[in-house]
Amino acid sequence: MSQSGAVSENPYALPATDLQKLFDSLTQRGYQIIAPTVLDDAIVYEPVESVNELPAGVTDEQRAAVYRIKRRSDKAMFRWAVGPRSWKHYLYPPHQRLWEARRNGGSGFDVVAEPEEPPVYAFVGVRPCDLAAIAIQDRVFLSEQYRDENYGRRREKALLIAVNCSHPAGNCFCASTGTGPHAQTGYDLALTEVLDSKQHYFVIELGTERGAEVLEGVPVQPASPEQCEAAQRVLENAARQITKRMDTTDLKELMYRHLDSPHWDDVAKRCLTCSNCTMVCPTCFCHTVEDVTNLQGTVAERWRKWDSCFHIDFSYIHGSPVRVSESSRYRQWITHKLASWQDQFGVLGCVGCGRCITWCPVGIDITDEVNALRRSEESKAALTSPKEESHANP
Amino acid sequence: MARTTKPKLAVWKFASCDGCQLSLLDCEEELLEVAGAVDIAYFPEATRAVVKGPYDISLVEGSITTPHDAERIHQVRRASRFLITIGACATAGGIQALRNFKDVREFVGAVYATPQYIQTLSKSTPIHDHVFVDYELRGCPINKYQLLEVLSAYLHGRRPNIVPHSVCSECKRRGVVCVMVAKGVPCLGPVTHAGCGAICPSYGRGCYGCFGPKETPNTASLSKRWRQLGVKEEDLVRAYRGFNAYSEAFRRESESHER
């Protein structure tokens with residue numbers, strides 16, 4: 001799947017100075033806008049009201065275990081790569097009360113379902129990799145067989161306004177996973193920011209009817225062929241900037257061939273089992289359920305909380321955990337993400353956003369670990385191939 | 001469910017600063033609930049009234065640093081059905097365990113005019129080195145909500161929702177941006193037991209390790225990263241020699257940087 005394909009038919013253009021009017025349209029329609037903003041030296045998705053809160057003139061640099069925001073010489077609003085937070089913070093909150101039970105005076109109790117209606121979100125600035133991640137979480141939480149209402153209530157009302165990638169960071173490898181830098185599907189609107197010495201505007205592609213609705217009253221014009229070409233150049237330029245690669249050929253089989261690899265012990269020497277990679281991963285969905293009581297025992301609550309396969313108690317079954325060693329926990333995470341996820345959900349569990357590489361405190365790089373497994377096979381093949389030849393030609 | 005008698009709670013102090021006991025008094029609005037659920041039978045910090053033992057629950061604060069306390073903890077154990085140690089002193093020896101890395105007689109000689117009056121042990125040790133402990137609550141000081149959770153779990157016969165995961169898991173759930181990755185600030189969070197709610201990182205500071213080592217702490221890998229961030233060997237020793245200096249994982253890591 002080519003992800004730097006042409007801008008779709010009949011796009012619109014909106015001057016950057018009129019972006020607030022799109023925000024106003026969203027607010028008037030009752031959406032709570034979640035958009036990128038600078039917080040604690042990072043670009044994160046937060047509730048915002050004004051375009052003035054966007055990270056205009058700010059960008060980032062990312063390496064393994066390093067993230068730094070930098071000033072830009074221009075006022076571009078969306079020339080940065082994904083930060084530590086993903087949209088799952090809003091669709092699948094880190095802590096969520098599922099229900100509570102209260103004693104009813106007699107010998108029984110009443111269950112009170114969580115009454116709170118979640119906000120109707122408009123996500124502005126969803127990167128193509130994160131659109132792909134949301135589509136993956138949809139498969140996890142909204143399958144016909146097992147539907148998660150807590151996710152569904154948030155997800156189905158949410159409006160997704162994508163902004164195509166113009167500034168991939170050093171850890172981005174969406175070109176390898178086929179999930180970027182140009183959004184192909186899954187958005188209500190997709191914007192491409194164009195900024196040159198003379199003009200600053202957005203080329204807007206329509207994805208859905210709901211997307212078209214929120215443009216009513218916003219001063220958009222049909223985009224000119226020149227504007228479409230300029231947007232096209234932004235996307236092509238972004239695609240060229242992605243240098244990190246992960247070879248996905250035969251990836252599932254590769255991972256399954258290495259369940260007993262000594263390489264996992266090498267990773268375990270570095271891995272902190274701190275769970276940062278799973279928490280920043282936009283597709284990781286594992287959680288635990290905790291029951292709490294008040295001191296008098298009159299109220300009990302059931303909470304859902306993000307959990308991680310790096311925690312020992314995560315694999316606690318029948319009296320003891322099954323993945324105690326650090327190596328087994330890292331192997332579980334990467335093998336699920338890249339291999340068994342495909343068996344389970346029919347897609348790769350990785351969207352190439354690079355968050356796990358940037359936010360690992362010791363910089364463990366998922367692409368490096370895959371490459372290490374491939375190299376180990378190549379060196380083994382080099383050692384064994386003469387023998388195999390002699391077999392074939394006795 | 002009407003209970004005929006409330007469980008009796010005792011709070012004991014050994015070598016410590018009283019901060020963890022104060023966490024119980026700091027419960028404020030929940031304190032009345034606590035008093036409603038348990039009979040506060042022995043708590044000299046709060047009241048001179050003493051109800052005789054035995055006690056259903058004993059909260060033990062502080063470490064063992066004197067021959068007298070090494071005896072007294074056995075009496076406390078005998079008088080207690082369920083013994084919970086609270087705080088870094090009781091669970092790891094506390095900041096006073098810094099003596100364990102030196103010769104305590106030198107300190108006594110330097111500080112006291114008449115050292116022969118001082119009866120002190122050569123090491124400050126956690127309660128679990130002396131008696132069986134039913135539950136350990138970490139922290140310097142402990143988190144009052146965790147204390148309420150342990151009491152609530154005990155009262156209702158369930159497991160407390162207290163996990164030995166990293167402080168990172170708390171940062172990420174709260175949406176606190178990693179200070180080590182985004183600012184280059186050395187942080188003990190990846191090897192430290194959760195429970196504080198990631199207080200220091202939420203103010204832009206690195207974690208000081210107040211809750212001691214998490215499950216399977218990879219201190220060697222974290223130290224390697226700290227050195228890349230420019231931290232010197234002697235400062236690595238100091239970082240691990242905080243309130244939980246004598247916990248196994250932190251002790252070994254600090255010693256490895258002294259060689």
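The model shown is predicted, which means the values in this text are computed figures rather than measured ones. Each residue is numbered by its place in its chain's sequence as written, counting from 1. Whichever chain is written first is A, and whichever ligand is written first is 1; the rest continue in order. Reporting of local features is limited, given that this is a predicted model, to residues whose pLDDT is at least 70; pairs of side-chain atoms are given and counted only at 80 or more, and all residues count toward the totals for whole chains, interfaces and linings. The basis for every side-chain value is the complete set of non-hydrogen atoms in the structure, without hydrogens or water.

This brings us to the overall build of chain B. Counting its regular elements, chain B contains twelve helices and five strands. Both definitions apply: the radius of gyration is a C-alpha atom measure, and the globule rule equals 2.2 Å times residues to the power 0.38. Taking 259 residues into account, the globule formula puts the C-alpha radius of gyration at 18 Å, and chain B, at 20 Å, falls close to it. Any residue under 20% of the maximum accessible area for its type is buried, any over 50% is exposed, and the rest in between are partly exposed; the area is computed with a 1.4 Å probe on protein chains only. With 259 residues in all, chain B has 55% of them scored as buried. Two residues qualify as a contact provided that any one of their heavy atoms is within 4.5 Å of a heavy atom in the partner residue. At a minimum sequence separation of 6, the contacts of chain B that also span at least 24 residues come to 72%. As presented, chain B carries roughly 12000 Å² of accessible surface, and 53% of it is formed by carbon and sulfur atoms. Going along the chain from the N terminus, every DSSP run of H or I of four or more residues is numbered as a helix, and every run of E of two or more is numbered as a strand. Per-residue accessibility takes into account occlusion by the displayed protein chains alone, with areas from the Shrake-Rupley method and a 1.4 Å probe.

It is worth spelling out the pairing of strand β3 (residues 42-47) of chain A at this point. Pairing geometry for strand β2 (residues 32-39) of chain A and β3 of chain A, over six bridges, is antiparallel. When the sheet's bridge partners are listed, Leu39 of chain A is paired in β3 of chain A with Ala42 of chain A. Strand pairing is assigned whenever DSSP identifies at least 2 bridges connecting the two strands.

Once that is clear, we can look at the packing of helix α10 (residues 219-228) of chain B against helix α11 (residues 233-240) of chain B. Helices that pack against each other are described as a pair by the angle of their axes relative to one another and the distance between those axes. Residue and element names in this part refer to chain B. Axis angles are defined between N-to-C directions and span 0 to 180 degrees, where every axis is a line fitted to C-alpha atoms and, for a helix, only to the segment in contact. Remark: α10 packs on α11, axes separated minimally by 11 Å, with the N-to-C direction vectors making an angle of 135°. With respect to their mutual orientation, α10 and α11 come out oblique. Relative to α11, the crossing made by α10 is right-handed. Contacts between α10 and α11 involve Thr219, Leu222, Ser223, Trp226 and Arg227 from the first element and Glu233, Leu236, Ala239 and Tyr240 from the second. Classes in brief: Ala, Val, Leu, Ile, Met, Phe, Trp, Tyr, Cys and Pro nonpolar; Asp, Glu, Lys and Arg charged; the others, Gly included, polar. Residue classes in the contact of α10 with α11 are distributed as five nonpolar, two polar and two charged. If an angle is under 35 degrees, it is roughly parallel; if it is over 145, roughly antiparallel; if it lies from 65 to 115, roughly perpendicular; otherwise it is oblique. With the far helix as reference, a near helix turned anticlockwise by less than a right angle produces a left-handed crossing, and one turned clockwise produces a right-handed crossing.

What follows covers the sheet that holds strand β9 (residues 159-163) of chain A. Residue and element names in this part refer to chain A. Pairing within the open sheet is mixed, and its eight strands lie in the order β3-β2-β8-β9-β10-β11-β1-β12. Pairing within the sheet leaves two strands with one partner each, and these edge strands are β3 and β12 (221-222). Where strand β8 (residues 121-126) lies against β9, four bridges are found, and the strand directions are parallel. Residue Phe123 lies in a different strand from β9, and its bridge partner there is Leu160. The sheet strands contacting helix α7 (residues 225-241) are β1 (12-15), β10 (189-195), β11 (200-206) and β12, and the helix crosses β10 at an angle near 90°.

Across the boundary between the two partners, chain B contributes 36 residues, which contact 47 residues of chain A. Overall, the association of chain B and chain A removes approximately 3400 Å² of surface from exposure, summing both partners, and the carbon and sulfur fraction of that is 54%. Broken down residue by residue, the surface that chain B buries against chain A is led by Lys172, Arg173 and Val181 of chain B, which jointly contribute 22%. When a carboxyl oxygen of Asp or Glu lies within 4 Å of a side-chain nitrogen of Lys or Arg, that pair is called a salt bridge. Between chain B and chain A we count one salt bridge in total. Of the charged contacts, one joins Asp41 of chain A and Lys183 of chain B as a salt bridge, the two residues approaching to 2.8 Å between their closest N and O atoms. Distance and chemistry together define a polar contact, namely a pair of N or O atoms within 3.5 Å, with one atom able to donate a hydrogen and the other to accept it when in protein, and with adjacent residues in sequence counting only for side-chain atoms on both sides. Across the contact surface, chain B and chain A share 27 residue pairs in polar contact (both at pLDDT 80 or more). Here the quantity called buried area is the accessible surface, traced with a 1.4 Å probe, that two parts lose on coming together, added over both.

Residue and element names in this part refer to chain B. Residues with no salt bridge and a relative accessible area higher than 30% make up the patches, which join like charges within 9 Å and nonpolar side chains (Val, Leu, Ile, Met, Phe, Trp, Tyr) within 5 Å. Taken together, the side chains of Val111, Tyr112, Tyr117 and Ile118 make up a nonpolar region of the molecular surface, amounting to roughly 450 Å² of accessible area. Here Ile118 is to be found in the loop between α5 (104-111) and β5 (135-137). The class of Ile118 is partly exposed, set by a relative accessible area of 31%.

All names here are of chain A. The sheet built from four strands is open, its strands ordered β7-β6-β14-β13 with antiparallel pairing. One side of each edge strand has no neighbouring strand; the edge strands of this open sheet are β7 (109-113) and β13 (287-293). Neighbour-to-neighbour, the strand axes of this sheet turn through a mean angle of 20°, independent of strand direction. Bridge count for strand β6 (residues 95-103) against strand β14 (residues 299-306) is seven bridges, and the pairing is antiparallel. Bridging from a neighbouring strand, His95 pairs with Lys305 of β14.

Interface size is commonly expressed as the accessible area that is lost once the parts come together. All names here are of chain B. Entries for chain B in the domain assignment read domain 1 (8-155) and domain 2 (167-256). Relative to domain 2, the C-alpha centre of domain 1 lies at a distance of 25 Å. Sorting the residues of domain 1 by area buried against domain 2 places Phe101, Arg138 and Cys140 first, and these three jointly supply 42% of that buried surface. The tally of links from domain 1 across to domain 2 stands at zero salt bridges. Across the domain 1-domain 2 interface, the total number found is four residue pairs in polar contact (both at pLDDT 80 or more). For the side of domain 1 that touches domain 2, the per-class residue count stands at eight nonpolar, seven polar and two charged. Each domain's extent is set by a domain assignment, obtained either automatically or from a database.

Let us look at the nonpolar core. Remark: nonpolar core denotes a set of buried residues (Ala, Val, Leu, Ile, Met, Phe, Trp, Tyr, Cys) joined through side-chain atoms within 4.5 Å. Counting residues in each nonpolar core, the largest one holds 91 residues, and the members touching the most others are Leu19, Leu26, Phe78 and Phe123 of chain A. Sequence-distant contacts of Phe78 of chain A, that is, excluding residues within four places in its chain, are made with Leu19, Pro36, Leu54, Val124, Gly125, Arg127, Val163, Ser166, Glu193 and Phe202 of chain A.

With that settled, the discussion passes to the side chain of Asp60 of chain A. Residues and elements named next belong to chain A. By secondary structure assignment, the location of Asp60 is in strand β4 (residues 58-63). None of His or the chain ends enter the tally, which takes Lys and Arg as positive and Asp and Glu as negative. For the buried Asp60, no salt bridge exists, and the shortest N-O distance to an oppositely charged side chain is 6.9 Å, to Arg127. Here Ala81 takes part through its backbone nitrogen, which lies 2.6 Å from a polar atom of the side chain of Asp60. Excluding its chain neighbours within four sequence positions, the residues that come into contact with Asp60 are Ile43, Tyr67, Arg68, Ile69, Trp80, Ala81, His167 and Ala169.

Attention shifts here to the environment of Cys171 of chain B. Residue and element names in this part refer to chain B. Along the chain, Cys171 turns up in helix α7 (residues 167-174). Separated by 45 residues in sequence, Cys171 and Pro126 place their C-alpha atoms 29 Å apart. If sequence neighbours within four positions are ignored, Cys171 has contacts with Val176, Ala198 and Pro201.

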